[in-house]
Amino acid sequence: MKILPYDSFTITVPEALPIVLQRLSANIEPQQAFRFSRQHTLYQGTISEEGFQISRIIHYRNSFLPMIRGRFEAQPRQTLVHIQISVHTVVMAFLGLWLFIWFNTVSFITFTDDTPRLVAALFVSMPILIVLIFWIAFWSEANRSRAELTKIIQGQV
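Residues numbered from 1 in each chain as written. Predicted model: local features only at pLDDT ≥ 70, side-chain atom pairs only at ≥ 80, totals over all residues. Heavy atoms only, no water.

Moving on: the confidence of the model for the chain. Low-pLDDT stretches of the model should not have their predicted coordinates read in fine detail. Per-residue confidence for the chain averages 87 on the pLDDT scale, and 97% of its residues sit at or above 70. The secondary structure element of the chain with the lowest average pLDDT is helix α2 (residues 89–112), at 83, and the one with the highest is strand β6 (residues 79–86), at 96. (pLDDT = per-residue confidence, 0-100. Helix = DSSP H or I, 4+ residues; strand = E, 2+ residues; numbered from the N terminus.)

Now for helix α3 (residues 117–153). Taking 1.5 Å of rise per residue, the 37 residues of α3 would be expected to cover 54 Å, and the 54 Å separating its terminal C-alpha atoms lies within 8% of that figure. Approximately 30° is the largest bend angle found in α3, and it occurs at serine 125, with the proline proline 127 only one to four residues beyond. Here α3 has its buried residues at Ala120, Pro127, Phe134, Phe138, Trp139, Glu141, Ala142, Ser145, Glu148, Leu149, Ile152 and Ile153. Positioned one or two residues after α3, glycine 155 has a phi angle of 80°, which is positive. (Expected span 1.5 Å × (residues − 1). Bend = angle between axes of the 7 residues up to and from the residue. Buried < 20%, exposed > 50% of the residue type's maximum accessible area, 1.4 Å probe, protein only.)

On to the pattern of salt bridges, then. Two side chains bearing opposite charge may form a pair once their charged atoms approach each other closely. Counted according to the given criterion, the structure contains four salt bridges. Among the ionic pairs, glutamate 15 bridges to arginine 23, the shortest N-O distance being 3.2 Å. Take glutamate 15: its relative accessible area is 24%, and that puts it in the partly exposed class. (Salt bridge = Lys/Arg side-chain N within 4 Å of Asp/Glu carboxyl O.)

It is worth spelling out the pairing of strand β4 (residues 51–56) at this point. Burial of β4 is extensive: five of the six residues sit out of reach of the surface. Bridging between strand β3 (residues 43–47) and β4 involves five bridges; their strand directions are antiparallel. Looking at the pairing, isoleucine 47 lines up with phenylalanine 52 of β4. Counting the residues in the hairpin turn of β3 and β4 gives three residues. One ladder, built from four bridges, connects β4 with strand β5 (residues 67–74); its direction is antiparallel. In the strand pairing of β5, isoleucine 54 is matched with isoleucine 68. (Pairing = 2+ DSSP bridges.)

Moving on to the nonpolar core. Core analysis: the largest hydrophobic core is formed by 27 residues, its most contacted members being Leu24, Phe52, Ile68, Phe72, Val81, Ile83 and Ile153. Only β1 (6–13), α1 (17–25), β4, β5, β6, α2 and α3 provide two or more residues apiece to this core. For this core, the element with the most residues is α3, which contributes seven residues. Aside from chain neighbours lying at most four places away, what touches isoleucine 68 is Tyr43, Phe52, Gln53, Ile54, Ile83, Gln84, Ile85, Ser145 and Leu149. (Core = buried A, V, L, I, M, F, W, Y, C linked by side-chain atoms within 4.5 Å. Contact = heavy atoms within 4.5 Å.)

See below:
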C-alpha cells in the first residue's frame, strides 16, 4: 500500500518508438480550457519524441486528478516507457498549507482553552478525514490511468 501520491513504473513494448508514439497520439488530444463535447479521446496533453505530459479528460471536478509524465527509451528491439504519476504541485502545496494552518489553529484552541475532549477530537480528526478522501480520490484515478495507459501503449485498445 502506497501512502504518498506518487507512482512510477515502466512499460516494456516489443515495438519501435514510432509505433508507440502512434498509439499514444491516437488517444491524446491537445489541452483545452473548456470542453463542451463528450466526443473526445481519453487523455489531453502534449506528446513528443522524448516523452509526454498528460492528464485524463473528465467531466467533473477533481483537484486530485493525477498528472502523468512519461519518457521514452528506445532500444534495439523494444521501447521502454517510463511513467510517473503524481498529483499537481499546486494542489500538494495548498493541502500542506491548509494542514499547517489547521493544526496551528487547532493546537492553539485545544491547548489554551478548556475545550471539551469530544470537540478537540473532532478538530484533530477532521484533517485526517480530508487526507483520507484525498488519498482515495488520487489512487482510484491513478490506478485507472495506469491500467488504461498500459493497454494503450501495448496496443490493446
